[in-house]
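Observations on chain architecture
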Amino acid sequence: MTHMKISMAQALNQALRDAMKADDTVLMFGEDVGALGGVFRITDGLTEEFGEDRCFDTPLAESGIVGMAVGLAMNGMRPVVEMQFDAFGYPAFEQIVSHVAKMRNRTRGKITLPMVIRMPYAGGIGGVEHHCDSSESYYAHTPGLTVVAPATVADAYTLLRRAIELPDPVVFMEPKKLYWAKEEIDLTEGQPGIGTAVVRREGADATLIAYGPTVPVALEAAEVVAAEGRQLSVVDLRSIVPFDDETVCAAVRRTGRAVVVAEASGFASVSSEIVARVTERCFHSLAAPIRRVTGFDIPYPPPKLEKYQLPGVDRILDAVDDLQWEDS
Amino acid sequence: MTTVEERLLPSAEPVRLIDQDGVQHDHPSYQLPHREALVGGYTELIKGRRFNDQASALVRQGRLAVYPSSHGQEACQVAATMVLRDGDWLFPTYRDCVSIVSRGVDPIETLTLLRGDWHSGYDPYARNVAPQSTPLATQLTHAVGVAHAARLKGEDTVVMALCGDGATSEGDFHEALNFAAVFHAPVVFFIQNNEYAISVPLARQTVAPSLAHKGIGYGVPGERADGNDLAGLLAVLGQAVKKAREGEGPQLVEAHTYRVQAHTNADDATRYREDDEVTPWLERDPIKRLETYLNEQGWLDDTVREHAEAMADQVGTQLRDGLMPEPEVDPWELFAHLYTEQTQQLREQAAFLRDELAREEV
Ligand SMILES: Cc1ncc(C[n+]2csc(CCOP(=O)(O)OP(=O)(O)O)c2C)c(N)n1
Ligand SMILES: [Mg+2]
């Protein structure tokens, strides 16, 4: 049976399972990923199926986890590691920035690092401090990394398979609030690979650009706006690096207006980069400045306050309303 | 039955088989290496010293950007590779050029980082030498990964992972020791304690009785040796490698040596230490004592001496001829190596630079 209704968490689990089945050198390790199956159960059953050598718990030290993965990748393995939560990836930041990202360039391609760093990320789950960071901009800013964020169940499967197959390192951002959303998917039917954005909804009036956790929010907003008579396109980036300028710019040119929707704080972020590069390329197609709906420039709030931080449908609607319609 | 302490703690004094006067001492646990190893090692020391001093001279001529010399630490440099087999790995730092060259890597390719024409110049897989690591201690966890991969593949590879005394304060040093211990990875962690981290003396890094004592906290056996005694180093490191290879897990070795020169040519050591601290260490030079010992044994005849000198001259010539004042660089390389499949954005940026350079030519 290839068609099934499964959650993103199950799709990720299946992707790991299939990757480990397809290639003996694929290893999965991190904190609590063994017997427990990960705090989000993404690695559920892998130790049981593939043994302690293939899926295992490590000492509790993220720099060590990523550093060890670098060495394993240097010596013929394809490690996939889990940072338990985005904000707990920071101890590994030096390894990621100074080695994971730079090793290939440093050695003129003699050493490639086929490794994946999986990170449950972003908010919307009522997590206490350090459990809801959106850290993608740090990684996207670092040349040499590939940064991927799925927003659908099908993409979670396909993009993780592609990430594991890629000869280069991937930071794989998993929007944890979407882990439990179920979708009917066909695992054999490949989605586009890494580096390709997808237009999730076509509409002639304006384009919403989103990735990861904000894609469903953008789609919901487009639905509401449609009821009010305006048709919005929704572009799902899927991969932040490489960035699909072509698909994004084509959508913006078709509509002449755009709003970028992202959970991370807006200042010096992926969202500001998108505004800058789209403006540079599509200035003459734009009928209004590109608006952004992002998190405020504050640390991620405590659970009782997170609703003020998260980009919601209303804020997106306000931004769309603000796109100088009176001038057209 | 041996106690945990006996198994894990280093000996009370650093292992020394030949003292600074060239006198041999028996040791209850370590044997003097045989003649062939000591004579061969002598030649490597002479070559290493020449490499260091020639490289420093080339910095003064502007042909290298910077050179962190291991002058005075050559016994550590040479011993670290002499105890390895072909399939083993070496994880060096910026200070370990001599070790890399003594492993058989091309000297000019070794100096790429310090000449500044690329970040690393040799093929790491040709001699199983990782790129030199600059961020302190970060290479040590890579060493664990390489060793663990070898074990998973059923190979009996040993990984020699180098770091300095200062680097032992970094978190990665501790994570690497702990990971290696938990995964029983065949890594020999080899600390060259040269008493300084740039200007900061060892006393500011730790109040541990020795750096080798740090192993016990991770269940890793620690041992220490006189870092200027090639014989002692070969014995201690040789045994550590043997134990790691035979499945006894990671080993920690500290060499007591001294950085007789400044941190690099860009450093001014007079700002933080007195000359009379350095003087006694000149007496403990690794080459001098081995020379004395070999002479007394009658093992250092003219043939050996001339051979060593000829090899050293060859190194000197190689560096002088190979390190041209203006190495050729290729700006396209800036974009070429980041990804297996280049991104559209990098293609555009490469084209931008190409245009800019073309305009300059007109
Ligand atoms: C993470 C990190 N912090 C700081 C530096 C700058 N730095 C380069 S060498 C050095 C001293 C290192 O001392 P030690 O580990 O004893 O090695 P040695 O230079 O004496 O061989 C410092 C602070 C660095 N390279 N990496
Ligand atoms: Mg030092």
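Everything numeric here is computed off the predicted structure, so don't read it as measured data.

Rules of the game
Residues numbered from 1 in each chain as written. Chains lettered and ligands numbered in written order. Predicted model: local features only at pLDDT ≥ 70, side-chain atom pairs only at ≥ 80, totals over all residues. Heavy atoms only, no water. Salt bridge = Lys/Arg side-chain N within 4 Å of Asp/Glu carboxyl O. Helix = DSSP H or I, 4+ residues; strand = E, 2+ residues; numbered from the N terminus. Domains from an automatic or database assignment. Contact = heavy atoms within 4.5 Å. Buried area = accessible area lost by both parts, 1.4 Å probe. Polar contact = N/O pair within 3.5 Å; in protein donor to acceptor, adjacent residues only side chain to side chain. Donors = N, O, S within 2.8 Å, 3.2 Å for Na, K, Ca; no water. Disulfide = S-S within 2.5 Å. Buried < 20%, exposed > 50% of the residue type's maximum accessible area, 1.4 Å probe, protein only. Expected span 1.5 Å × (residues − 1).

The next subject is the pattern of salt bridges. For the structure on display, the rule yields 36 salt bridges over all chains. A salt bridge links A:R281 to A:D245; the shortest N-O distance between them is 3.9 Å. With a gap of 36 residues between them, A:R281 in helix α10 (residues 270-282) and A:D245 in helix α9 (residues 245-255) connect regions that are remote in the sequence. Here A:R281 makes a salt bridge to B:E348, at a shortest N to O gap of 3.5 Å. Of this pair, A:R281 sits in helix α10 while B:E348 sits in helix α14 (residues 344-361), each in a different chain.

With that out of the way, let us pick up the domain arrangement of chain A. Residues and elements named next belong to chain A. Partitioning chain A into domains gives domain 1 (7-186) and domain 2 (198-327). Each of domain 1 and domain 2 has a C-alpha centre, and these two points are 27 Å apart. Of the residues lining the interface, 27 residues belong to domain 1; the matching set on domain 2 comes to 22 residues. Where domain 1 abuts domain 2, roughly 1,800 Å² becomes buried across the two surfaces, and 58% of that area is made up of carbon and sulfur atoms. Counting the contacts that link domain 1 with domain 2 gives two salt bridges. Inspection of the region where domain 1 meets domain 2 yields 12 residue pairs in polar contact (both at pLDDT 80 or more). Within the residue set of the side of domain 1 that touches domain 2, elements represented by two or more residues are α6 (136-140), β6 (146-148) and α7 (153-165).

Here we come to the coordination of the magnesium ion (ligand 2). All names here are of chain B. For the magnesium ion (ligand 2), the full set of protein donor atoms is D165 (OD), N194 (OD1) and Y196 (O), and the range of their distances to it is 2.0 to 2.1 Å. Between the donor residues of the magnesium ion (ligand 2), the gaps in sequence give the motif D-x28-N-x1-Y. Here N194 lies in the loop between β3 (187-193) and β4 (196-197) and D165 lies in the loop between β2 (159-164) and α8 (171-182), a separation of 29 residues in the sequence.

All names here are of chain A. According to the stated counting rule, one finds zero disulfides over all chains in the structure shown. No disulfide involves C282; its sulfur sits 3.6 Å from the nearest other cysteine sulfur, which is in C249. Given the relative accessible area of 1%, C282 is considered buried.

This part takes up helix α3 (residues 62-74) of chain A. Within an α-helix, residues lying three or four positions from one another point in the same direction, as the helix has 3.6 residues per turn. Residue and element names in this part refer to chain A. Over its 13 residues, α3 runs 18 Å from end to end, which matches the ideal 18 Å to within 8%, given 1.5 Å per residue. Summarising burial for α3: 13 of the 13 residues are buried, a large majority. Where α3 terminates, the next one or two residues include G76, which has phi positive at roughly 95 degrees.

Residue and element names in this part refer to chain A. A cis geometry characterises the amide bond from V241 onward to P242, with omega recorded as -5 degrees. Looking at where P242 falls in the secondary structure, it is placed in the loop between β12 (239-241) and α9. With phi around 65 degrees, D32 is a residue other than glycine that occupies positive phi space. Its place among the elements puts D32 in the loop between β2 (26-30) and α2 (46-50). Note on D32: relative accessible area 35%, which makes it partly exposed. In this model, A268 sits at a positive phi of 50 degrees, which is unusual for a non-glycine residue. Residue position: A268 is located in the loop between β13 (258-265) and α10. The class for A268 is exposed, based on a relative accessible area of 65%.

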